[in-house]
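Below, each chain spelled out in residue letters.
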Amino acid sequence: MIAVKVRLAAIAVVGLTLVGMLSWLAGAWPADQTRATVDHCYVTHDRLEAMHSRCVGNWTRGGRGQQGPIHGVDVQESWQVIDDEPNSAYEWEVAVPASARQPRVLADTRQAWALSPRALPWGLVPAGLVALLAALAWLITATVRAPRPAPSVTPA
């Protein structure tokens, strides 16, 4: 009976740890924000004239302000270029419109990922959820069907 209780406790600890980590990434803890503020975006073009962008901004995790790159901001060709001359990395700063200034993000203390098709491989999200549910179902089934230890018999 004790072995089953220990296994169930282990399942609960693993589940709570996973939920805690995911809620921290999603900014669902107290004193966290689910949105970041995009401060600056820069664009450049490669040799094939494809546009590449990089954005930086700030967000809050654990009540502390963090700043760094924000990946996956959907920078458009129509965004206004601020300066006609590129910086030392041959990037042009563009004005971030109000509609893109505060995207929802998944973040840690160093970087953030905007919830957009550009930032996250959305095809992996359903596959990851199915894998997580299958692993949890297997863990519960293995715990419930685990063989019981034979009672020890001591000679009298």
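None of these values were measured; they are calculated from a predicted model.

Chemist: Run through the overall build of the protein chain, naming residues and quoting values.
Modeler: On a plain count of helices and strands, the protein chain comes out with two helices and six strands. Walking the protein chain from its N terminus toward its C terminus, one meets helices and strands in the order α-β-β-β-β-β-β-α. Accessible surface computed for the protein chain: about 11000 Å², of which carbon and sulfur atoms make up 64%.

Chemist: Tell me about the state of the cysteines, and please be specific about residues and values.
Modeler: Counted by the stated rule, this structure contains one disulfide. Residue C41 pairs covalently with C55 via a disulfide, S to S 2.0 Å. Between C41 and C55 the disulfide shows an S-S torsion of about 110°. By sign, it is right-handed. Of this pair, C41 sits in strand β1 (residues 37-45) while C55 sits in strand β2 (residues 51-61), placing them 14 residues apart in sequence.

Chemist: Now, about a nonpolar patch on the surface: what can you tell me, with residues and values included?
Modeler: A grouping of L18, L129 and L132 is seen on the molecular surface, where their side chains present a nonpolar patch of about 240 Å² in accessible area. Here L18 lies in helix α1 (residues 2-25).

Chemist: Kindly report on the sheet that holds β2, identifying the contributing residues and their values.
Modeler: With mixed pairing, six strands are arranged side by side in an open sheet as β4-β1-β2-β3-β6-β5. Since the sheet does not close on itself, it has two edges, and those belong to β4 (92-94) and β5 (105-107), each with one partner. Neighbour to neighbour, the strand axes of the sheet diverge by 30° on average, direction disregarded. Bridge count for β1 against β2 is eight bridges, and the pairing is antiparallel. Each bridged residue has a counterpart across the sheet, and for H45 the counterpart in β2 is M51.

Chemist: Tell me about the confidence of the model for the protein chain, and please be specific about residues and values.
Modeler: Across the protein chain, pLDDT averages 79, with 79% of residues at or above 70. Taking the mean pLDDT of every element in the protein chain, the minimum, 71, falls on α1 and the maximum, 93, on β4.

What counts as what
Residues numbered from 1 in each chain as written. Predicted model: local features only at pLDDT ≥ 70, side-chain atom pairs only at ≥ 80, totals over all residues. Heavy atoms only, no water. Helix = DSSP H or I, 4+ residues; strand = E, 2+ residues; numbered from the N terminus. Areas by Shrake-Rupley, 256 points an atom, 1.4 Å probe, with all protein chains shown as cover. Disulfide = S-S within 2.5 Å. Patch = residues over 30% accessible without salt bridge, like charges linked within 9 Å, V, L, I, M, F, W, Y side chains within 5 Å. Salt bridge = Lys/Arg side-chain N within 4 Å of Asp/Glu carboxyl O. Pairing = 2+ DSSP bridges. Axes fitted to C-alpha atoms, helices over the stretch in contact; angles between N-to-C directions. pLDDT = per-residue confidence, 0-100.

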